Amino acid sequence: MRDALAWQIELGADEAIGDSPVSRFDSAASAARERGNTGAQPSPQAAPRAAAAAPRGREGDTRETGDARPGRVFAAAQLPHPAETADSIDALAALCEACDAGDLKAGARNFCFADGRPGASLMVIGEAPGAEEDRLARPFVGRAGQLLDSMLAAIGRTREAETPDRAVYIANILPWRPAGNRTPTEAEMALFLPFVERHIALADPAVLLLLGNTPVRALLEDRRGITRTRGTWQAHGPTGIRAMPSFHPAFLLRTPSRKKEAWADLLAVSVALEEAR
């Protein structure tokens, strides 16, 4: 229910008109029955008044609703999002941690923002922290993270590397663990998307590796799903950075037969990184 209300507010429904839905058709029919045989006719001003009573945006509202991706609905006053004011990754992390995430934040143990080397030429973005990530406040440190580390090491990348051309920087769409490791909701993705977009701009990698459906849906125009988009180069709209969608390591643990495709994606990433040097 909270997510549904948040989504309605973002779309501009910011006033409660009544405690329950009202059918204007039923109201009109009831009024006609009450008039009975008096022959009274409805006032010509009734329709305009009904239209004026319908919920609408504030005067001057210029919300953009054409883009169906989460986070693409802007405030009426077109004010900059707080994330846009961050001039460093540390400042952005502080703003993100202070963001009111409601039950999502209340149900998590630790804020899990990023790991690795900022400024690395490769930035990996996943979905959300799991139980182990929540415990240690670092992304990708559980079984899926161990597999990711092995995969990255195979192309010469580690979190601890000192040089940007051998390092990796890792983050998630959500910095808080969803209860039960559930998939992030559209409202949660929309809430944190401005922080992720700013994070990418500040980190300024040469290549993005997007793991799983959630980052692909949040960050790319092509939203056909990871099975169809993996292995195909995309462009991250706001920055133009090349992005490679691939399977999430947690999926590979459950479905080892798809590791061959994930390895092909990594090889393509490795070639692109060498070309970008």
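Bear in mind the structure is a predicted one, so any value in this text is a computation, not a measurement.

Reading the values: the criteria
- Residues numbered from 1 in each chain as written.
- Predicted model: local features only at pLDDT ≥ 70, side-chain atom pairs only at ≥ 80, totals over all residues.
- Heavy atoms only, no water.
- Core = buried A, V, L, I, M, F, W, Y, C linked by side-chain atoms within 4.5 Å.
- Buried < 20%, exposed > 50% of the residue type's maximum accessible area, 1.4 Å probe, protein only.
- Contact = heavy atoms within 4.5 Å.
- Helix = DSSP H or I, 4+ residues; strand = E, 2+ residues; numbered from the N terminus.
- Expected span 1.5 Å × (residues − 1).
- Arc of directions from axis to C-beta.
- Pairing = 2+ DSSP bridges.
- Axes fitted to C-alpha atoms, helices over the stretch in contact; angles between N-to-C directions.
- Salt bridge = Lys/Arg side-chain N within 4 Å of Asp/Glu carboxyl O.
- Phe/Tyr/Trp six-rings, centres within 6.5 Å; stacked < 30°, edge-to-face > 60°.
- pLDDT = per-residue confidence, 0-100.
- Parallel < 35°, antiparallel > 145°, perpendicular 65-115°, else oblique.
- Left-handed = near helix turned anticlockwise from the far one by under 90°.

**So, the nonpolar core**
No. 1: The biggest cluster of nonpolar side chains holds 60 residues, and the ones touching the most others in it are L122, I125, F192 and L219.
No. 2: Not counting residues up to four positions away in its chain, the partners in contact with I125 are A171, N172, I173, V196, I200, L208, L209, L210, L211, P215 and L219.

**Structural notes on helix α12 (residues 259-276)**
No. 1: In this model α12 runs 26 Å from its N-terminal to its C-terminal C-alpha over 18 residues, within 8% of the 26 Å that 1.5 Å per residue would give.
No. 2: Looking only at α12, the buried set comprises A262, D265, L266, V269, S270, A272 and L273. Within α12, the buried residues cover an arc of 165 degrees as seen down the axis, which keeps them to one side. Residues of α12 that are exposed and point over 90 degrees away from its buried face: K260 and E275.
No. 3: On its buried face, α12 sits against β2 (122-126), α7 (143-153), β4 (207-211), β6 (242-246) and α11 (249-254).

**Some words on α7**
No. 1: When we look at burial in α7, the residues that qualify are A144, G145, L147, L148, M151 and L152. All buried residues of α7 lie within an arc of 160 degrees about the axis, which places them on one face of the element.
No. 2: If you follow the buried residues of α7, they end up packed against β2, β3 (169-172), β4, α11 and α12.

**Topic: the sheet that holds β4**
No. 1: Ordered by their spatial adjacency, six strands build an open sheet running β1-β3-β2-β4-β6-β5, and the pairing between neighbours is mixed. At either end of the open sheet lies a strand with only one pairing partner, and these are β1 (114-116) and β5 (234-235).
No. 2: Two elements, β2 and β3, share four bridges in a ladder whose sense is parallel. Residue pairing for β3: G126 is matched across the bridge by N172.
No. 3: The strands that helix α8 (residues 186-203) touches are β1, β2, β3 and β4; relative to β2, the one it contacts most, it runs at about 165 degrees.

**Focus: the pattern of salt bridges**
No. 1: Under the definition given, this model contains 14 salt bridges.
No. 2: In this structure, R159 and D115 form a salt bridge, with 2.8 Å as the shortest nitrogen-oxygen distance. Placement of the pair is R159 in the loop between α7 and β3 and D115 in strand β1, with a sequence separation of 44 residues.
No. 3: Measuring nitrogen to oxygen at the nearest pair gives 2.6 Å for the salt bridge that ties R230 to D265. Taken together, the positions of R230 in the loop between α10 (226-229) and β5 and D265 in helix α12 put the pair 35 residues apart, joining distant regions of the chain. Like D265, R230 is buried.
No. 4: Ionic contacts of the salt-bridge type, sharing partners, join the residues D115, R138, D149 and R159 into one network.

**With respect to the packing of aromatic side chains**
No. 1: Counted according to the given criterion, the structure contains four aromatic pairs.
No. 2: Aromatic pair F111 and W176: ring centres 5.3 Å apart, planes at 55 degrees, arrangement tilted. Linking F111 in the loop between α5 (102-106) and β1 with W176 in the loop between β3 and α8, this pair joins segments that are 65 residues apart in sequence.
No. 3: Classification of F111 by relative accessible area gives buried; the value is 14%.

**Digging into the confidence of the model for the chain**
No. 1: For the chain, the mean per-residue pLDDT works out to 82, and 72% of the residues sit at or above 70.
No. 2: Low pLDDT (under 50) marks residues 27-32, which in the prediction has one contact with non-local residues, meaning those over four places away or in another chain.
No. 3: Between residues 37-77, whose pLDDT stays under 50, and residues either more than four places distant or in other chains, the model counts 44 contacts.

**Observations regarding the packing of α7 against α12**
No. 1: Between α7 and α12, the shortest axis-to-axis distance is 10 Å and the interhelical angle comes to 50 degrees. Compared by their axis directions, α7 and α12 come out oblique. In this structure, α7 crosses over α12, and the sense of that crossing is right-handed. Residues L147, M151 and L152 of α7 lie in contact with α12, whose contacting residues are K259, A262, W263 and L266.

**What about unusual backbone geometry?**
No. 1: We note that A137 has phi near 60 degrees; this positive angle belongs to a residue other than glycine.
No. 2: A positive phi is found at F140, a non-glycine position, where the angle reads about 55 degrees.
No. 3: Turning to its location among the elements, F140 is positioned in the loop between α6 (131-136) and α7.

**Topic: the pairing of β3**
No. 1: The alternating pattern of β3 places Y169 and A171 on one face and I170 and N172 on the opposite face, and all of these are buried.
No. 2: Pairing between β1 and β3: three bridges, direction antiparallel. Paired with A114 across the bridge in β3 is A171.

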